[in-house]
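# Summary of structural features
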Amino acid sequence: MTDKPQDLYSKFLLIWIGQFISIIGTGLTIFSLGVYVYQQTTTASSYVFILICALLPPMLLKPYGGVLADRHDRRLMMVFGDMGATLGLLFIFIMMLNGNIEIWHIYFGIAISSVFSAFQEPAYKALVTDLLPETQYAKASGLMQLASSAQYLISPFLAGLLLSVIDIKFIFLIDISTLLISSSIVIWVRNILGGITIKHPKQNIMADLREGIQEFSKSRGVVHLVITTMILLFFVGLLQSLIIPMLLNLTTVKIVGISQSVCASGIILGSLFIGLFGSKHKHVIILSISLFFAGIFFAGLGLSTNIILITLTGFMFFGTLPFINTSIEVLIRKNIENRKQGRVWSIISMVTYLGSVIAFLVAGFLADDIFNPLLQADGMLVGTAGSIIGVGEGRGIALMFVISGAMTSMISLFIWQNKEIKGLEDAAV
């Protein structure tokens, strides 16, 4: 590729804009279908199953999607993933149009769409290494995190407005339109830059997958960092699954929604800062410091019952996440061979998200059967922890956040002292 770095970065920005629009569309669908299914069934389990259908297939299939991303032009893989995702949406749209929609139709359509995201996401992440020099990795990572956060901040707000004026069927058409827009941009950029010649051994997919595992595991620093990230995502998963139940014991649904939007804006500001200015300092140091303060803010979510203080603390916590994510991504990206990036990133994604999956499976049991009873009126910790964080419904969850925050700060000290992770800073493939 002979294009100047600034020209390539402008092409990356075009692709990023398309993905930003597409992510908002996906968020519209997930939020709208969640509301629709809950209104039809009035059970939380039916709502949760939509999230499972959206998240589980990509997690299981990403290693194979990563292999394909290393075997083929990554831009074509992105188009394949986006266009394939429209099939599930069209299926739900047609079923609703015919008036014989059933809940399993929705689950099936979401699962089909999410399967194709397993091929799109690894290609998108690995494409950064194709287009940009190492000095721009951090800026690209910050922008990608900014786009990802739009699904949680912008999409619910827009979906709430749209559902009040149009039928849910048209939400699917909007989502399909955003996928077509993002695919068109990728195709246009590919036509300008030309195709990429992929060089790889003539071997089967399983051999490629084994090679990706070997590439991932050959660096002890990468392994240490990925396992550490998996543990961190366990604690973040507890926060994701329990923050709303805790807040609903303190205030109204409307205030909870406002609080969540304000907290999520911390991610946008942090991502925007990195996207504009990059990260020019030592990434291990940034990671350790950001994690330490993230732990303090995490614990702060459980220390108060004042919604304003909780919202402020949540904003600060989410503001640290882009610095944490960017540091982890840059450290790994610098130590993985480019032609293997797709499959390695998919393996890393699957391993790290195990932490979130485990958290979702145990969060309800930990809150309802262990921690909340400890801080009820007659609980064992009323006179100790209860005197600090309060007593009553949801305060057991608050105690879980305090413990999780303390553990997060302790992990930052482990990273600070870990020689293997420090070695990732100056290593290069």
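Above this note sits the structure.
So, a few notes on the structure that sits alongside this text. If you're wondering where the values come from, they're calculated on a predicted model, not measured in any experiment.

As a further point, take a nonpolar patch on the surface. A surface patch of nonpolar side chains, amounting to about 620 Å² of accessible area, comprises Ile-285, Ile-289, Phe-292, Phe-293, Ile-296, Leu-413 and Trp-416. When contributions to the nonpolar patch are tallied by element, the ones reaching two or more residues are α10 (283-303) and α14 (395-417). Per-element accounting of the nonpolar patch gives the leading share, five residues, to α10. Mapped onto the elements of the fold, Ile-289 is located in helix α10. Judged by its relative accessible area of 39%, Ile-289 falls in the partly exposed class.

Glancing now at the environment of Pro-322. Mapping Pro-322 onto the fold places it in helix α11 (residues 307-333). Given a relative accessible area of 0%, Pro-322 falls into the buried group. C-alpha of Pro-322 to C-alpha of Leu-269: the two residues are 53 residues apart in sequence and 8.9 Å apart in space. Every residue in contact with Pro-322, bar those within four places of it in the chain, is listed here: Gln-145, Ile-267, Gly-270, Ser-271 and Ile-274.

Attention now goes to the nonpolar core. One finds Leu-225, Met-246, Leu-287, Ile-332 and Phe-401 to be the most contacted residues of the largest nonpolar core, which totals 47 residues. No other element matches the 11 residues that helix α8 (residues 220-248) contributes to this core. Dropping the residues within four chain positions of it, Met-246 is found in contact with Leu-301, Ile-310, Gly-394, Arg-395, Ile-397, Ala-398 and Phe-401. Grouped together as the second largest cluster of nonpolar side chains are 29 residues, Met-78, Ala-138, Ile-185 and Val-330 included.

Let us now look at helix α4 (residues 103-131). Here α4 contains 29 residues, and its C-alpha end-to-end distance of 42 Å stays within 8% of the 42 Å for a straight helix at 1.5 Å per residue. Along α4, the sharpest kink reaches roughly 30°, centred on Ser-117.

Here the focus is the pattern of salt bridges. For the coordinates displayed, the defined rule picks out one salt bridge. In this structure, Lys-169 engages Asp-167 in a salt bridge whose closest nitrogen and oxygen atoms are separated by 2.9 Å.

For the rest of this paragraph, the subject is the side chain of His-105. Mapped onto the secondary structure, His-105 falls in helix α4. With relative accessibility at 7%, the residue His-105 sits in the buried group. Within the structure, His-105 has its side chain in polar contact with the backbone nitrogen of Glu-102 (distance 2.9 Å). Discounting chain neighbours no more than four positions away, the residues touching His-105 are Phe-91, Ile-92, Met-95 and Asn-100.

What counts, and at which threshold
- Residues numbered from 1 in each chain as written.
- Predicted model: local features only at pLDDT ≥ 70, side-chain atom pairs only at ≥ 80, totals over all residues.
- Heavy atoms only, no water.
- Patch = residues over 30% accessible without salt bridge, like charges linked within 9 Å, V, L, I, M, F, W, Y side chains within 5 Å.
- Areas by Shrake-Rupley, 256 points an atom, 1.4 Å probe, with all protein chains shown as cover.
- Salt bridge = Lys/Arg side-chain N within 4 Å of Asp/Glu carboxyl O.
- Helix = DSSP H or I, 4+ residues; strand = E, 2+ residues; numbered from the N terminus.
- Buried < 20%, exposed > 50% of the residue type's maximum accessible area, 1.4 Å probe, protein only.
- Contact = heavy atoms within 4.5 Å.
- Core = buried A, V, L, I, M, F, W, Y, C linked by side-chain atoms within 4.5 Å.
- Expected span 1.5 Å × (residues − 1).
- Bend = angle between axes of the 7 residues up to and from the residue.
- Polar contact = N/O pair within 3.5 Å; in protein donor to acceptor, adjacent residues only side chain to side chain.

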